[in-house]
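Chains, contacts and geometry: an overview
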Amino acid sequence: MAALALQAGLLLPGLAQAYSESPQLKQLVDAGKLPPVDQRLPKNPQVITPFERVGQYGGTIRQAMRGDGDYNAILRSVGPQGLTRWDIKFTGVEPNVAEGWTTNADKSEYTFKLRQGMKWSDGQPFTADDILFFVQDLLPDKAFFQSPPPRYVVNGKLMTAEKIDDYTVKLIFGGPYRTFPEEMATPVGQHPVLYAKHYCKQFHPKHATNLDELMKQNNVKDWAALMRLKCGDIEVPSRWANLERPTLDPWVVKEPYRGGATRIVLERNPYFPQVDTAGNQLPYVDSLQFTVFGDVETILLAAINGQLDLQIRYINAIANKPVLSENMAKGGYSILEMKDLNANAAGLMVNQTTQNAPLRKLIRTPGFTKALSLGMDREEINEIVFLGGGKPRQIGPLASHRLYNEQLATQFTAHDVKQANAILDGLGLTKKDSQGFRLYPEGGRISIAAIVSIGSPAYIEVLELIRKQWAEIGIDLLIRSSERSLFYDRAQNNDYDISVDALSGGLDPTQEMRAILAIHPLDSRQSIPWVKWYMSGGKVGEEPSENMKQRYALFDKWKVEPDEAKADEIFRQILQLAAEAFDVIGTVEPPAQLGIRKTNLRNVFDSMPSSWTYATPGGSLPQQYFYAR
């Protein structure tokens, strides 16, 4: 694989070393405001084979986003520009920012060859020094990362880096790391190439000369906050707010994402290091334009009225298929039907560390979550919310995946009110109030508060049905819907009993583990305090259950196992422990995800995978989309 990786990013045989560029950039070159295209591209630019055909330059892709905390809509459309990337069909990883890589025998060291002459969006060279800036100056600093991201820690040791030359860097781990190239292809794997040293060093105490003054000017209390404000992070709004920040993305911000913004615009990066098979510098499209809408209904209306050129986010529910189909001619669009890689369309993450002490005790009592699950009518949920497109299911890999665990996927999915009531009675919850809701033994109604984003109306509809269904077993469900930012604030503050969201890991279980392993700092909402405990080595957060600690130990073992078959066996043990713990409840297997594209927007993979791992639509390379004329 490593040998192939070194070849994949080179020019195709027979491609002349003469490149073309957009008319927009050619005008700047002719005016002496920009170097010629061959001086802006690396010596060996990455050649992208267009999905359908070589495209044409020009145009703006209009999209919609929500105004509150929806910055990942931009990330998904720009696409993650990591050292590696997924191929369009999501079958493996390929070189991306890196020209290629090799590994040592046990895969504890990865040597990445960078593209000679590659540049940041401001025209400054991109070299091994930029990667070292992250690895040596940011990653180990407790002020910047209180707990380093797990993907950079192996056997308790932090990733280190060695500069071989300006265009070669070796990343070194504390043991074998078989899946590192895949990790770097995900949206959260961009850290090593996110920070331009020549620009970002002015905000770091090791290099800065006027740090106190800069912090005062920007109203921040420490250098880490200043760094994130100016240079961003992967999932923060400031990444799209600073017009001066150099980037490796296909488009760069021209109208920023800041408080109160109604429109965000990104324009082509003149130094983007990719070309098509005819030598045309990508991207084809001049710009991306995001209009900020206040509600989901208005986004759907804009789509059917032809005001959006590409839209997946917020209109992707199968329930929208009839209205989208009826308005195709009017809106001038085609419908995308994408395979959902998720494990569940709307899962309930039951907070094992809820601040509600009596409920916490119940949640950790064997049988309680089983009763909740048996009290759910998944057939009703499937028919009403998902138009019959799914089927009752819990979580974990889908049946077609080699790691499928039948117990994890199917246990307690029958609707059995009688059995659910019997279990709850057996737990001593026999007393009820005047409305028929069960009481804690010490008194007080058993009410469970579920948080959900108002940007996800299907999840709210699911909860409304579950509220009615759980009333039959004497459990009161409270629905706390909010804007996306407040939803995440509640999760981070541990202010919820259940969190509702799509559950990942159906066809990408070894990349998306958040539902089976409390490891994601934002989305493993079966217990964020457990995540913090694991990431900090037990220094902060809350000590997990014995079952979760066993899963963590197996995960650490899995991560360093160089043999694929042995690693799979370890992962199966993690899945089995998750089945036994039953700390996440599923509803239905996801139906196809929907989207729309303008009929003349070409090179779009209409049946692309739909997942965070693929950063849909980013994994399909929007830089090679074009408008046919």
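Okay, so let's go over this structure. (Residues numbered from 1 in each chain as written. Predicted model: local features only at pLDDT ≥ 70, side-chain atom pairs only at ≥ 80, totals over all residues. Heavy atoms only, no water.)

1. Here we look at the overall build of the protein chain
Tallying secondary structure elements over the protein chain gives 22 helices and 24 strands in all. By the compact-globule yardstick of 25 Å for 629 residues, the protein chain fits well, its C-alpha radius of gyration being 25 Å. For the protein chain, the spread of C-alpha atoms along the principal axes amounts to about 80 × 55 × 50 Å. In the protein chain, the share of contacts with a sequence separation of at least 24, taken over all contacts with a separation of at least 6, comes to 71%. Put simply, the protein chain shows about 23,600 Å² of open surface, and 50% of that area lies on carbon and sulfur atoms. The protein chain carries 69 positive and 72 negative side-chain charges, and their two centres are separated by 2 Å. (Helix = DSSP H or I, 4+ residues; strand = E, 2+ residues; numbered from the N terminus. Rg over C-alpha atoms; globule rule 2.2 N^0.38 Å. Contact = heavy atoms within 4.5 Å. Areas by Shrake-Rupley, 256 points an atom, 1.4 Å probe, with all protein chains shown as cover. Lys, Arg positive; Asp, Glu negative; His and termini not counted. Charge placed at Lys NZ, Arg CZ, Asp CG, Glu CD.)

2. Details of the pairing of strand S9 (residues 160-165)
Note on strand geometry: in a regular strand, side chains alternate between the two faces of the sheet. The pairing of S9 with strand S10 (residues 168-172) spans 5 bridges and is antiparallel. By the bridge assignment for S10, Thr160 is matched with Ile172. What sits between S9 and S10 in their antiparallel hairpin is a turn of 2 residues. (Pairing = 2+ DSSP bridges.)

3. A few points about the nonpolar core
Ranked by size, the top nonpolar core spans 94 residues in total, and within it Leu171 and Leu266 carry the most contacts. Excluding residues within four positions of it along the chain, Leu266 makes contact with Ile74, Val78, Trp240, Trp251, Val252, Val253, Lys254, Asp286, Ser287, Leu288 and Phe290. Membership of the second largest hydrophobic core comes to 58 residues, among which are Val296, Ile363, Ile446 and Val462. (Core = buried A, V, L, I, M, F, W, Y, C linked by side-chain atoms within 4.5 Å. Buried < 20%, exposed > 50% of the residue type's maximum accessible area, 1.4 Å probe, protein only.)

4. Thoughts on the state of the cysteines
Tallying each qualifying case throughout the model produces 1 disulfide. Between Cys200 and Cys231 runs a disulfide, and the two sulfur atoms are separated by 2.2 Å. On the sign convention where negative is left-handed, the bridge of Cys200 and Cys231, at about -120 degrees about the S-S bond, is left-handed. Taken as a pair, Cys200 in helix H7 (residues 197-200) and Cys231 in helix H9 (residues 223-231) lie far apart in primary sequence, 31 residues in all. (Disulfide = S-S within 2.5 Å.)

5. Some details on the packing of helix H15 (residues 378-385) against helix H18 (residues 457-471)
Any two packed helices are characterised by how steeply their axes cross, that is the angle between the axes, and by the distance between the axes. Relative to each other, H15 and H18 sit at 145 degrees, their axes nearing to 10 Å. Regarding H15 and H18, the two cross each other, and that crossing is right-handed. Only Ala458, Glu461, Val462, Leu465, Ile466, Lys468 and Gln469 of H18 make contact with H15, whose side of the interface consists of Glu380, Ile381, Ile384 and Val385. Across the contact of H15 with H18, the residue classes break down as 7 nonpolar, 1 polar and 3 charged. (Axes fitted to C-alpha atoms, helices over the stretch in contact; angles between N-to-C directions. Left-handed = near helix turned anticlockwise from the far one by under 90°. Nonpolar A, V, L, I, M, F, W, Y, C, P; charged D, E, K, R; others polar.)

6. Section: helix H21 (residues 546-560)
Relative to the 21 Å expected for 15 residues at 1.5 Å per residue, H21 spans 22 Å between its end C-alpha atoms, a close match to the ideal helical length. By the burial criterion, the buried members of H21 are Asn547, Met548, Arg551, Tyr552, Leu554, Phe555, Trp558, Lys559 and Val560. (Expected span 1.5 Å × (residues − 1).)

7. Describing the side chain of Arg490
With respect to the helices and strands, the residue Arg490 is situated in helix H19 (residues 484-492). Asp495 is the oppositely charged side chain nearest to the buried, salt-bridge-free Arg490, at an N-O distance of 4.7 Å. Not counting chain neighbours up to four residues away, the residues in contact with Arg490 comprise Ile451, Arg480, Ser481, Ser482, Asp495 and Tyr496. (Salt bridge = Lys/Arg side-chain N within 4 Å of Asp/Glu carboxyl O.)

8. Concerning the layout of surface pockets
Considered as a void within the structure, the second largest pocket measures approximately 540 Å³ in volume. Every residue lining the second largest pocket is counted, 25 residues in all, and those nearest its centre are Trp86, Glu182, Thr510, Gln511 and Glu564. Counting residues per element, the ones that place at least two in the lining of the second largest pocket are strand S5 (98-103), helix H6 (180-185) and helix H22 (564-581). (1 Å grid on protein atoms, 1.4 Å probe; cavity = no way out; pocket = protein on both sides within 12 Å on 5 of 7 lines; lining within 4 Å. Points joined across faces, edges and corners; volume = space filled by probe spheres on them.)

9. A few points about unusual backbone geometry
With omega at 5 degrees, the peptide bond leading from Leu282 into Pro283 counts as cis. At the junction of Thr616 and Pro617, the peptide bond is cis and its omega measures out at 5 degrees in the coordinates. Even without being a glycine, Asn155 presents a positive backbone phi close to 55 degrees. As for its placement among the helices and strands, Asn155 is situated in the loop between strand S7 (153-154) and strand S8 (157-158). The backbone of Leu621 sits at a positive phi, close to 60 degrees, despite the residue not being glycine. Tracing the sequence through the fold places Leu621 in the loop between strand S23 (601-602) and strand S24 (626-627). Judged by relative accessible area, which is 6%, Leu621 ranks as buried.

10. Focus: the pattern of salt bridges
Evaluated as defined, the whole model comprises 38 salt bridges. Here Glu52 ties to Arg602 by a salt bridge, and the two come within 2.6 Å at their closest N and O atoms. Taken as a pair, Glu52 in the loop between strand S1 (46-48) and strand S2 (60-66) and Arg602 in strand S23 lie far apart in primary sequence, 550 residues in all. Close ionic contact of Arg467 with Glu464 constitutes a salt bridge, the shortest N to O distance being 2.5 Å. On the criterion of helical spacing, the pair formed by Arg467 and Glu464 is a turn pair, its members being 3 residues apart in helix H18. For Arg467, a relative accessible area of 35% gives the class partly exposed. The exposure class assigned to Glu464 is partly exposed, which follows from its relative accessible area of 37%. Linked through salt bridges whose partners overlap, the residues forming this network are Asp501, Glu512, Arg514, Asp523 and Arg525.

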